[in-house]
Amino acid sequence: FAICHMTYMTTFPMEKNEIGASLYRKTMKYGVEMIKDSFQKILDENINPIAQQGIGSYYNKINPYHHLDWHQPHEVIERIIRVYARPYFPAYSFIYNTLVSINKVSFYNDTSICMQGAGRIEKILPNNKFVVSCTDGCLKIEDYETLPILSQQQFRLNIHKGAKLL
């Protein structure tokens, strides 16, 4: 295998609930700063490349679309939703003939909920938010869009306790 050499390295803070889009913007911001800091040194050939320590990392390109599988632990689903959140094509699910693209969720701890199966809507909350069961708990769906866009009456018909996201 080839040994890669680095000419410049930096670190930057990541929030616990960082989404893919904000992480991308941060890497672009810090990448520009790294180029500004090292550009003249590179031109002057006054920079010493060093061998990368350990094994380099490479992550395959991800699929541009992700249909959610509610039969996974809530942490896995939450991470997937953060990766695919706007401005990218959000992770999605279907309820009846409506696509639900989800941009933000959070763990919902309510011991009064008796989960009835993965993907089932367990509770409707104010402001058209709702709670969906996973294999090991529930997620509060906080930011989402539907296609087609639902009127309030259509929302009540489609998104109700007992309905199932597929």
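These numbers were taken from a predicted model, which means no experiment stands behind them.

(A) Layout of the sheet that holds strand E3 (residues 91-95). Spatially, the 5 strands line up as an open sheet ordered E3-E4-E7-E6-E5, and their pairing is antiparallel. Edge positions in the open sheet fall to E3 and strand E5 (121-124), since each of these has one partner strand only. With strand direction ignored, the average angle separating the axes of adjacent strands in the sheet is 45°. For E3 and strand E4 (residues 98-108), the ladder comprises 5 bridges, and the chain directions are antiparallel. What sits directly across from Phe94, in E4, is Leu99.

(B) Examining the packing of aromatic side chains more closely. Counting across every chain of the model gives 5 aromatic pairs. Here the aromatic rings of Phe12 and Tyr30 are separated by 4.7 Å at their centres, their planes lie at 10°, and the arrangement is stacked. Placement of Phe12 in the loop between strand E1 (5-6) and helix H1 (20-43) and of Tyr30 in helix H1 is noted, with a sequence separation of 18 residues between them. Ring plane angle 80° and centroid distance 5.7 Å describe the contact between Tyr92 and Phe94, whose orientation is recorded as edge-to-face. One aromatic cluster is present, built from ring pairs that chain together Tyr65, Phe89, Tyr92 and Phe94. For Lys29, the ring lying beneath its charged end belongs to Tyr30, and the centroid distance is 4.8 Å.

Cut-offs and rules
- Residues numbered from 1 in each chain as written.
- Predicted model: local features only at pLDDT ≥ 70, side-chain atom pairs only at ≥ 80, totals over all residues.
- Heavy atoms only, no water.
- Pairing = 2+ DSSP bridges.
- Helix = DSSP H or I, 4+ residues; strand = E, 2+ residues; numbered from the N terminus.
- Axes fitted to C-alpha atoms, helices over the stretch in contact; angles between N-to-C directions.
- Phe/Tyr/Trp six-rings, centres within 6.5 Å; stacked < 30°, edge-to-face > 60°.
- Lys NZ or Arg CZ within 6 Å of the ring centre and 35° of its normal.

Remember that the coordinates give geometry; whether it matters functionally is a separate question.
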